[in-house]
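Here's the letter readout for the chains.
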Amino acid sequence: MSMPDFKYVYGPVPSRRLGRSLGVDLVPFKTCTYDCIYCQLGRTTDQTTRRIEYVATDRVLAELKAKLETAPPPDYVGLAGSGEPTLHARIGEVIAGIKRLTRTPVAVLTNGSLLWDGDVRQALMEADLVMPSLDAGDEAVFQQVNRPHRQIAFEAMVEGLAAFTARFPRLVWLEVLLVDGITGTERHVEKIAALTRRIRPGRVQLNTVTRPPAEGFARAVSRERLSRLAQCFSGPVELISDSGSESPPSHSPYAVTDADILDLLARRPCTAGGVAAGLRLHIQEAAKRLESLVKAGTLAVLQKDGEIFYLVMDPTNPDSFVKEPT
């Protein structure tokens, strides 16, 4: 029997926040409301606020059903991928469909930019966990770091986060990703902390740049400084910078194909340890498979902070990530 062709479902991927997350892509590669300077997937190529059914809902659910039958069991099904998932106009139906297929909890990883829209807030109500972002404390820095679509105003975005959190009956974890020299200062973090007291998430997850970013000037804040900046927040705060956080891999009882590895890396550059942890490969097997793909010209390698990351890139444009290798 041939393996199913997975276009919209990938992983599981290792995640400090979710354990082992089975990813679901609901929009085309780099279709987003933001063009964040720190994005691990490179520059946004389709910046939009248009909400349509970018990919067929029934196809997504069919792929997910097949993946759940063939992949290692995940801790979460995560709606994330390579763009902003709330741009998918039927995301609420996707969530409902996932819940019919599995008891695995559903997490939505969103930049939070569209939560001012009541239809978007309603669509997420059946999720088990929503993980929005807040990377800036004022309009000027919002424009500098997130580079939003012109129709998204900072105050409306913040109000949408607060309105959603006030109504959502389950967990909201707010990610705050800090960039050295821009937002990674006590003065600016105090502004963000004041907004979190207004939004009132269940917890704040403090992060920084850990994978190769879209812009070379987007640099990581040290772990020590993150720990100090965490004291600016009044509620529960968790440091989630995932350098060195990949869990020990174990042997997978499932056949892991090269396509599985490429699907993972096209959406999230990883170290060999990250690939091993996500797909439950022995670290030596993962390293051999990655070396083979590099030699074949399918993968590129990039060193950051002393670690080697593997990524899928367009061979005609070495500055651009691609969703699927040619």
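Please refer to the structure placed before this passage.
Anyway, here's the lowdown on the structure attached to this text. (Residues numbered from 1 in each chain as written. Predicted model: local features only at pLDDT ≥ 70, side-chain atom pairs only at ≥ 80, totals over all residues. Heavy atoms only, no water.)

Right, let's get into the pairing of strand E8 (residues 171-178). Of all the eight residues making up E8, seven are buried; the element is thus mostly covered by neighbouring parts of the structure. Relative to strand E9 (residues 203-208), E8 is paired through six bridges, and the arrangement is parallel. Of the residues in E9, the one forming a bridge with Trp173 is Arg203. Taking the sense of rotation as the criterion, the β-α-β connection linking E8, helix H6 (residues 186-199) and E9 turns out right-handed. (Buried < 20%, exposed > 50% of the residue type's maximum accessible area, 1.4 Å probe, protein only. Helix = DSSP H or I, 4+ residues; strand = E, 2+ residues; numbered from the N terminus. Pairing = 2+ DSSP bridges. Right-handed = clockwise from strand over helix to strand, strands pointing away.)

With that out of the way, let us pick up the sheet that holds strand E10 (residues 237-239). Neighbouring strands of a sheet are bound in pairs by backbone hydrogen bonds; such pairs are parallel or else antiparallel. In space, the eight strands of this open sheet follow the order E1-E2-E5-E6-E7-E8-E9-E10, with mixed pairing throughout. Two strands close off the open sheet at either side, each with one partner strand: strand E1 (9-15) and E10. Shown here is a sheet whose adjacent strand axes are inclined to one another by a mean of 25 degrees, direction ignored. Looking at chain direction, E1 and strand E2 (residues 19-24) are connected through five bridges and run antiparallel. Counterpart to Val13 in the pairing with E2 is Ser21. Helix-sheet contacts for helix H1 (residues 57-70) involve E1, E2 and strand E5 (76-79), and the interaxial angle to E1 is about 60 degrees. (Axes fitted to C-alpha atoms, helices over the stretch in contact; angles between N-to-C directions. Contact = heavy atoms within 4.5 Å.)

On to the nonpolar core, then. Residues Leu79, Leu134, Met157, Leu178 and Leu206 are the most contacted members of the largest nonpolar core, which totals 72 residues. Of the residues forming this core, the biggest block, six residues, is contributed by helix H5 (residues 154-167). When residues no more than four places from it in sequence are discounted, the contact partners of Leu178 are Thr183, Gly184, Val189, Ile192, Leu206, Asn207, Thr208, Val209, Val221, Leu226 and Leu229. Membership of the second largest hydrophobic core comes to 21 residues, among which are Ala80, Ile261, Val275 and Leu281. (Core = buried A, V, L, I, M, F, W, Y, C linked by side-chain atoms within 4.5 Å.)

This structure, assessed with the given rule, holds 19 salt bridges. As a salt-bridge pair, Glu215 and Arg43 come within 3.3 Å of each other at their nearest N and O atoms. Residue Glu215 is located in the loop between E9 and helix H7 (223-229), and its partner Arg43 is located in the loop between strand E3 (31-32) and strand E4 (46-47); the two are separated by 172 residues in the primary sequence. For Glu159, the salt bridge is made with Arg198, and the minimal N-O distance between the two is 3.2 Å. (Salt bridge = Lys/Arg side-chain N within 4 Å of Asp/Glu carboxyl O.)

Right, let's talk about the environment of Trp173 for a bit. Within the fold, Trp173 resides in strand E8. Using a relative accessible area of 9% as the deciding quantity, one classes Trp173 as buried. For the pair Trp173 and Met131, spaced 42 residues apart in sequence, the C-alpha separation works out to 4.9 Å. If near-sequence neighbours (up to four positions away) are discounted, Trp173 is found in contact with Arg17, Leu129, Val130, Met131, Pro132, Arg203 and Gln205.

This model, assessed by the stated rule, comprises three aromatic pairs. Relative to Phe154, the ring of Phe142 lies with its centre 5.4 Å away and its plane at 55 degrees, an arrangement referred to as tilted. Taken together, the residues span a long stretch of sequence, with Phe142 in helix H4 (residues 139-145) and Phe154 in helix H5 at a distance of twelve residues. For Phe142, a relative accessible area of 0% translates into the label buried. Between Phe164 and Phe168, the aromatic rings sit 4.9 Å apart at their centres with planes inclined by 25 degrees, giving stacked as the arrangement. The exposure classification of Phe164 matches that of Phe168, with both residues buried. Taken together, the ring pairs connect Tyr34, Phe142 and Phe154 into an aromatic cluster. When the ring centre of Phe6 is taken as origin, the NZ or CZ atom of Lys67, which lies over that ring, is 4.5 Å away. (Phe/Tyr/Trp six-rings, centres within 6.5 Å; stacked < 30°, edge-to-face > 60°. Lys NZ or Arg CZ within 6 Å of the ring centre and 35° of its normal.)

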